[in-house]
Amino acid sequence: MTRSSALKKEKQLRLARNTSKSRKIINIVRKNTRELQNYFISNKSQSTSNEQFTYKTRTFTGPSCQKLTDFLKQKGTDDNNNIHDYYQIIHNSFLLQLMKQTVCASCKLIWNGDMSVAKREGLYCSLVFTCCCSHEIKINTSKQCLNTSKRDINARSVIGANFADIGHQDLVKLCAILNVPLPIDEDHFSDTLDYLLPTFESYKLRSMKNAVEEACKKSNGRKITVSGDGTWQKRGFSILHGVLEVLSNGPTAKVHI
């Protein structure tokens, strides 16, 4: 075998090995991609019950969710017994598709019409579905807080923005990116925050009082030693949000935040 033939054969073998290696990598990537698709899109082994979507059963919601829940219970908009008591983002075209699969209550024919917005207040709106026979169906996209004109979804957006420290302008940007209606204007945003603040203050004081009473009860007295530390949400001491942790030195040490 000549030198050139040997080099040619070696090159072919190297090319074959590289090709085989590349195919293995591609197959692995395809397999991983399918697994991700099955997990994120159509995971049959994952529960599809409403309970796993509602914020009430999420473990990561924290005390902010509890404060908001307390407020909404007072206003009669929070229903712990209703597994459908949560929001779903849906495109308008799918609402129209759904309506076109129904029968109009007036003309008794398959519904054929259009959708319009009769009223909008921030993320809340009143939708009107008008059939070609002029029959109208009106629905609201959010409940109204009891004894107030404020809407549940707007109250949630204000509190969420406040605790995430993103502010009104950042909430506007987020809504624009999600292609959903803009939130309530900045004046109403501030008014809603001021309206909700007393409820949050009440919850905060009650929570701290309960923590103190619990620590004293476990220590069998009110003279207990504690140590504490605090931090801001962001560096520079320019943020309004911070946290203080207090560790009670009792029989069963516990951190109170």
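Criteria and thresholds
Residues numbered from 1 in each chain as written. Predicted model: local features only at pLDDT ≥ 70, side-chain atom pairs only at ≥ 80, totals over all residues. Heavy atoms only, no water. Helix = DSSP H or I, 4+ residues; strand = E, 2+ residues; numbered from the N terminus. Buried < 20%, exposed > 50% of the residue type's maximum accessible area, 1.4 Å probe, protein only. Contact = heavy atoms within 4.5 Å. Areas by Shrake-Rupley, 256 points an atom, 1.4 Å probe, with all protein chains shown as cover. Patch = residues over 30% accessible without salt bridge, like charges linked within 9 Å, V, L, I, M, F, W, Y side chains within 5 Å. Salt bridge = Lys/Arg side-chain N within 4 Å of Asp/Glu carboxyl O. Lys, Arg positive; Asp, Glu negative; His and termini not counted. Charge placed at Lys NZ, Arg CZ, Asp CG, Glu CD. Core = buried A, V, L, I, M, F, W, Y, C linked by side-chain atoms within 4.5 Å. Expected span 1.5 Å × (residues − 1). Arc of directions from axis to C-beta. Pairing = 2+ DSSP bridges. Phe/Tyr/Trp six-rings, centres within 6.5 Å; stacked < 30°, edge-to-face > 60°. Axes fitted to C-alpha atoms, helices over the stretch in contact; angles between N-to-C directions. Parallel < 35°, antiparallel > 145°, perpendicular 65-115°, else oblique. Nonpolar A, V, L, I, M, F, W, Y, C, P; charged D, E, K, R; others polar.

### Observations regarding the overall build of the protein chain
Stage number 1. Counting its secondary structure elements, the protein chain contains six helices and six strands.
Stage number 2. When the helices and strands of the protein chain are listed from N to C terminus, the series reads α-α-α-β-β-β-α-α-α-β-β-β.
Stage number 3. Across the 257 residues that make up the protein chain, the buried fraction comes to 23%.
Stage number 4. Across the protein chain, the fraction of contacts at a sequence separation of at least 24, relative to all contacts at a separation of at least 6, is 43%.
Stage number 5. Accessible surface for the protein chain amounts to roughly 18,800 Å². Of this, 56% is attributable to carbon and sulfur atoms.

### Digging into a negative patch on the surface
Stage number 1. A cluster of acidic residues, D185, E186, D187, D191 and D194, forms a negative patch on the protein surface.
Stage number 2. Mapped onto the secondary structure, D185 falls in the loop between α5 (167–178) and α6 (186–219).
Stage number 3. A relative accessible area of 39% means that D185 is categorised as partly exposed.

### A short note on the nonpolar core
Stage number 1. Ranked by size, the top nonpolar core spans ten residues in total: L95, L96, M99, C104, W111, M115, C125, L127, F129 and C131.
Stage number 2. Elements that contribute at least two residues to this core include exactly α3 (92–99) and β2 (124–131).
Stage number 3. When residues in this core are grouped by element, the largest group, four residues, is from β2.
Stage number 4. Setting aside residues no more than four positions away along its own chain, M115 makes contact with N92, L95, L96, L127, V128 and F129.
Stage number 5. If you look at the next biggest cluster of nonpolar residues, it comprises six residues, including V158, A161, L171 and F189.

### A closer look at α5
Stage number 1. With twelve residues, α5 ought to run about 16 Å at 1.5 Å a step, and its terminal C-alpha atoms sit 17 Å apart, in line with that.
Stage number 2. Those residues of α5 that sit buried are H168, L171 and C175. An end-on view of α5 places all buried positions within 60° of arc, on one side of the element. In α5, the exposed positions angled more than 90 degrees off the buried face are occupied by K173, A176 and I177.
Stage number 3. Elements in contact with the buried residues of α5: α4 (152–164) and α6.
Stage number 4. In the segment just after α5, N179 is the residue with positive phi, at about 60°.

### What to know about the pairing of strand β1 (residues 113–121)
Stage number 1. Bridging between β1 and β2 involves eight bridges; their strand directions are antiparallel. Within β2, the residue paired with S116 across the bridge is V128.
Stage number 2. Two successive antiparallel strands, β1 and β2, enclose a turn made up of two residues, where G122 displays a positive phi of approximately 65°.

### Re unusual backbone geometry
Stage number 1. The phi angle at S134 is positive, at roughly 80°, despite the residue not being glycine.
Stage number 2. Residue placement: S134 occurs in the loop between β2 and β3 (136–140).
Stage number 3. Residue S134 is classed as exposed on the basis of its relative accessible area, which comes to 58%.
Stage number 4. With a phi close to 60°, N147 is a non-glycine residue in the positive phi region.
Stage number 5. Note on placement: N147 falls in the loop between β3 and α4.

### Quick look at the packing of aromatic side chains
Stage number 1. Summed over all chains, the structure comprises one aromatic pair.
Stage number 2. An angle of 70° between the planes, with centres 6.4 Å apart, marks the rings of W111 and F129 as edge-to-face. Linking W111 in the loop between α3 and β1 with F129 in strand β2, this pair joins segments that are 18 residues apart in sequence. Considered together, W111 and F129 belong to a single accessibility category, that of buried residues.

### Quick word on α4
Stage number 1. Compared with the 18 Å implied by 1.5 Å per residue over 13 residues, the 18 Å span of α4 between its first and last C-alpha is a close match.
Stage number 2. Every buried residue of α4 is accounted for by D152, I153, N154, A155, R156, S157, V158, I159 and A161.
Stage number 3. Looking at the residues trailing α4, positive phi occurs at D165, about 55°.

### So, the pattern of salt bridges
Stage number 1. With the rule as written, the count across this model stands at three salt bridges.
Stage number 2. The partner of D85 in a salt bridge is K143, and the shortest N-O contact between them spans 2.9 Å. One end of the pair, D85, is in the loop between α2 (62–74) and α3; the other, K143, is in the loop between β3 and α4, and 58 residues separate them in sequence.

### Remarks on the packing of α4 against α6
Stage number 1. Running from N to C, α4 and α6 cross one another at 80°; their axes reach a closest spacing of 10 Å. In this view, α4 runs roughly perpendicular relative to α6, as classed from their interaxial angle. Counting all contacts with α4, which are made through A155, V158, I159, A161, N162 and F163, the residues of α6 involved are F189, T192, L193, L196 and F200.
Stage number 2. For the contact of α4 with α6, the class distribution of residues is nine nonpolar, two polar and no charged.

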